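# Tertiary structure, described
Residue strings, one per chain:
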Amino acid sequence: MALNTSPEAPIPVGQVSRLIGGWIDRLGAVWVEGQITQLSRRPGAGVVFLTLRDPSHDISLSVTCYRTVFDQVADVVSEGARVVVHAKPEWYAPRGSLSLRAAEIKPVGVGELLARLEQLKKSLAAEGLFAADRKRPLPFLPQLIGLVCGRASAAERDVLENARHRWPAVRFEVRNVPVQGVHAVPGVVAAIEELDAAPDVDVIIVARGGGSVEDLLPFSDEQLVRTVAACRTPLVSAIGHEPDSPLLDLVADLRASTPTDAAKRVVPDVGEELVRVGQLRERALRCVTAHLDREERGLAAARARPCMERPQRMVDEREQQISALAERGRRTLGHLLDRADSELAHTRARVVALSPAATLRRGYAVLQHADGSVVRDAGEVTPEEELRARVAEGEFTVRAVAAPPAVTPPA
């Protein structure tokens, strides 16, 4: 329950400590799993002091137990061992410190650890963290390689020496961290996150020179596995332990059997690449030469064709065809003109024969009134009317006279 306090009505430190102790007493005994980081067994002392740490987080608790309790597992438990403790939380009010009073300690065996790892492996696999489609390809020639390994370890030496032997210009960004024990997981996780955040790092190698199952447990930690799965930079696992593969090998983009193998897979061999470049150059030269030879033969075959040997032959043939067509056109046009001329002469003759001028030439005349109208009937003419007579070769004026009375012939 919350306490009603204020600046004017505070409670003493002792009361706060006693209240905390009361709340902790209500928790009762619990089973706790962790890794022993410190172990103090003073000669003649009846109490043994332990520090129990969570391997995945930077959290630890003090544990005390009677010597009789610890002596039951003293032969199999030491610093670095994983244990399960049945203990009751205790609050030491005078110093305000929390500890666990252990009534029973059980070591976690290898078989049990492997069973837990197998269960964790199935759980992470179900999430897709080990799927092949999540694996990213490594760069052909990384400019900067991030290396996570133990300080002055054989794994570091193997990776650096083999990589520089294969490609002398390669550069490394090394992070030395604990690779076993209680500080391994947070150290490796922090190093991976730092290298992954660096924009110049092209690939990350996590290396260790093998070890026992217990020594390799940090590389199967769930926090480490999820950190690697979230990396944007390709990561290579080079733990170097063939029989029991840690979970890091499954989530990494590439698993190398040893640190030396990791160097060989990440960095190309300059000698091999020079040989490959030489082979490719020779292959390219052969391809270009073969292509030129093929094109040269094709050009020679094209030049050997009659149309290429005597290109004017095509012009001559076309010239003859054009001449023949032009002559044919002239003949056709001449025939058409002759026919049209003949038809025009016939038409002209008919027109001339039927024209009024031809009639006038035969001695006929056309009489017209003064207004130009043609006289078609004798009744249209009045006596003494002047008429214009038009003949073939001109015209003249005539005057109309009355017609003499008609004489009736005698019966």
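Up top is the structure.
Read on for a plain summary of the structure. (Residues numbered from 1 in each chain as written. Predicted model: local features only at pLDDT ≥ 70, side-chain atom pairs only at ≥ 80, totals over all residues. Heavy atoms only, no water.)

## So, the pattern of salt bridges
Under the criterion given, the structure shown has 15 salt bridges. The residue Arg101 makes a salt bridge to Glu90 at a minimum N-O spacing of 3.6 Å. Of the two residues, Arg101 is situated in strand S5 (residues 97–107) and Glu90 in strand S4 (residues 82–92); the sequence distance between them amounts to eleven residues. Residue Arg331 pairs with Glu327 through a salt bridge whose shortest N-O separation is 3.8 Å. Here Arg331 and its partner Glu327 are both found in helix H11 (residues 312–354), four residues apart, which amounts to about one turn of the helix. (Salt bridge = Lys/Arg side-chain N within 4 Å of Asp/Glu carboxyl O. Helix = DSSP H or I, 4+ residues; strand = E, 2+ residues; numbered from the N terminus.)

## Side note on the side chain of Thr233
Mapped onto the fold, Thr233 is located in the loop between helix H6 (222–229) and strand S9 (235–238). A distance of 2.8 Å separates polar atoms of two side chains, one belonging to Thr233 and the other to Asp196. Leave out the neighbours within four places in its chain, and Thr233 touches Arg136, Asp196, Val201, Asp202, Val203, Ile204 and Asp253. (Polar contact = N/O pair within 3.5 Å; in protein donor to acceptor, adjacent residues only side chain to side chain. Contact = heavy atoms within 4.5 Å.)

## A short note on helix H5 (residues 184–197)
Between its first and last C-alpha atoms H5 spans 20 Å; for 14 residues at 1.5 Å apiece the expected length is 20 Å, and the two agree. Looking only at H5, the buried set comprises Ala184, Val185, Gly187, Val188, Val189, Ala191, Ile192, Leu195 and Asp196. Among the structural elements, strand S6 (144–149), strand S7 (171–176), strand S8 (203–207), H6 and S9 are those in contact with the buried residues of H5. (Expected span 1.5 Å × (residues − 1). Buried < 20%, exposed > 50% of the residue type's maximum accessible area, 1.4 Å probe, protein only.)

## Thoughts on the environment of Arg18
Within the secondary structure, Arg18 is located in helix H1 (residues 13–25). Considering only alpha carbons, one finds Arg18 and Leu120, 102 residues apart in sequence, at a separation of 41 Å.

## Some words on the sheet that holds strand S13 (residues 394–399)
Taking strand neighbours across the sheet as the criterion, the three strands line up as S11-S12-S13 in an open arrangement whose pairing is antiparallel. The strands lining the two open edges of the sheet, one partner per strand, are strand S11 (366–368) and S13. In this sheet, adjacent strand axes meet at a mean angle of 30 degrees when their direction is disregarded. As defined by bridge partners, strand S12 (residues 386–391) adjoins S13 across six bridges and the pair is classed as antiparallel. The residue bridging Val391 from the neighbouring strand is Gly394, located in S13. (Pairing = 2+ DSSP bridges. Axes fitted to C-alpha atoms, helices over the stretch in contact; angles between N-to-C directions.)

## Digging into the packing of H5 against H6
It is the contact of H5 with H6, at a shortest axis distance of 9 Å, that shows an interaxial angle of 5 degrees. Judged on the interaxial angle alone, H6 and H5 are roughly parallel. Between H5 and H6, the contacting residues are Val185, Val188, Val189, Ile192 and Glu193 on the first element and Gln223, Leu224, Thr227 and Val228 on the second. When grouped by side-chain class, the residues that make up the contact of H5 with H6 number six nonpolar, two polar and one charged. (Parallel < 35°, antiparallel > 145°, perpendicular 65-115°, else oblique. Nonpolar A, V, L, I, M, F, W, Y, C, P; charged D, E, K, R; others polar.)

## Some words on the pairing of S7
Strand direction decides the pairing type here: S6 and S7, joined by six bridges, are parallel. Note on S7: the bridge partner recorded for Leu147 is Val174. As for the winding sense of the linkage, the β-α-β connection from S6 through helix H4 (residues 154–166) to S7 is right-handed. (Right-handed = clockwise from strand over helix to strand, strands pointing away.)

## Considerations on the pairing of S4
In this sheet, S4 lies alongside strand S1 (residues 30–40) in antiparallel orientation, the contact comprising six bridges. Following the sheet pairing, Trp31 is matched in S4 by His86. As paired strands, S4 and S5 are joined by ten bridges and run antiparallel to one another. Looking at the pairing, Val83 lines up with Pro107 of S5. Linking two consecutive strands that pair antiparallel, namely S4 and S5, is a turn of four residues; a positive phi of about 65 degrees is found at Gly96 within it.

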